[in-house]
Amino acid sequence: MVPTLLDEAKALVLKGDIDSAMRKCTEFLNGDFFNDECLFMLGNCFMSANMNGLAAVVTTAAIEARRARGGGLFPEALLNLGGAYKQERQNDTAARIWAEALKQEMSPRRRSLILTNIGGLYVNEGQPETALEWCDKALKEDPGNHGAAAQRERIRQHNSERDALGFRGATSGVGQELPRDGGGALRAVDDGGDGLIPF
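Criteria and cut-off values
- Residues numbered from 1 in each chain as written.
- Predicted model: local features only at pLDDT ≥ 70, side-chain atom pairs only at ≥ 80, totals over all residues.
- Heavy atoms only, no water.
- Helix = DSSP H or I, 4+ residues; strand = E, 2+ residues; numbered from the N terminus.
- Buried < 20%, exposed > 50% of the residue type's maximum accessible area, 1.4 Å probe, protein only.
- Contact = heavy atoms within 4.5 Å.
- Areas by Shrake-Rupley, 256 points an atom, 1.4 Å probe, with all protein chains shown as cover.
- Axes fitted to C-alpha atoms, helices over the stretch in contact; angles between N-to-C directions.
- Parallel < 35°, antiparallel > 145°, perpendicular 65-115°, else oblique.
- Left-handed = near helix turned anticlockwise from the far one by under 90°.
- Nonpolar A, V, L, I, M, F, W, Y, C, P; charged D, E, K, R; others polar.
- Core = buried A, V, L, I, M, F, W, Y, C linked by side-chain atoms within 4.5 Å.

Student: An account of the overall build of the chain is requested, with residue identities and associated values reported.
Tutor: Within the chain, the regular secondary structure consists of nine helices and zero strands. Secondary structure elements of the chain, listed N to C terminal, follow the sequence α-α-α-α-α-α-α-α-α. For the chain, the proportion of its 199 residues judged to be buried stands at 44%. Contacts in the chain between residues far apart in sequence, at least 24 positions, make up 55% of those at least 6 positions apart. Carbon and sulfur atoms make up 53% of the accessible area of the chain, which amounts to about 10500 Å² in all.

Student: Lay out the packing of helix α4 (residues 52-68) against helix α5 (residues 75-87) with the relevant residues and their values.
Tutor: Look at α4 against α5: their axes get within 9 Å of each other, and the N-to-C directions meet at 160°. One finds that α4 runs roughly antiparallel with respect to α5. Between α4 and α5 lies a crossing of left-handed hand. Of α5, the residues touching α4 (which contributes N52, A55, A56, T59, T60, I63 and R66) are E76, A77, L78, L81, A84, Y85 and Q87. For the contact of α4 with α5, the per-class residue count stands at eight nonpolar, four polar and two charged.

Student: A description of the nonpolar core should follow, citing residues and the corresponding values.
Tutor: In summary, soluble globular proteins display a tendency toward joint burial of nonpolar side chains. L42, W98 and I114 are the most contacted members of the largest nonpolar core, which totals 42 residues. Sorting the residues of this core by element identifies α1 (5-15), α2 (18-31), α3 (36-48), α4, α5, α6 (91-104), α7 (108-124) and α8 (128-141) as the ones contributing at least two each. Considering each element in turn, this core owes the most residues, eight residues, to α3. If we ignore the near neighbours within four places in the chain, the residues touching I114 are L79, W98, A101, L102 and E105. With five residues, the next largest nonpolar core counts V123, A131, L132 and C135 among its residues.

Quick look at the structure:
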């Protein structure tokens, strides 16, 4: 069987040659404009290249293409779409998209990944206790989710250090919020792409 351009693009992604994979996807789409699988892969490529706006547009096109051909739900695309928004710090939009992905996703492993990502949003918003709740939900879905376990441990260590310095609750001792993302603050565990689901 002769490999298609899409097969070639997949192989290039696996090799880490994102630019060549994008070219193959583009070439493939010239013959099949609304191929949901190819659009999804191209969105992944754009995210890998930190082109999150293009990733969001193309991933949305993949979702719409799947819907138009009657292909059903596409929670893995929603997971990636939320990741694109999170990378651009549009956390409310990411949370809304991931909530929709949770409604659609049936796989415990992928549901756990989505829950971990939502927890990461709360870490970055300076709400570690809420983030812990989401990590616990993720670990309940998939006890083998190392990202959720690592994020939970980082939050626990951060809380221990904060308590050792005399801080309590969600505010510092002087009534200010805990620091948000940056400046030595607690940050979500980066698992290399906010749970990017490959094609």
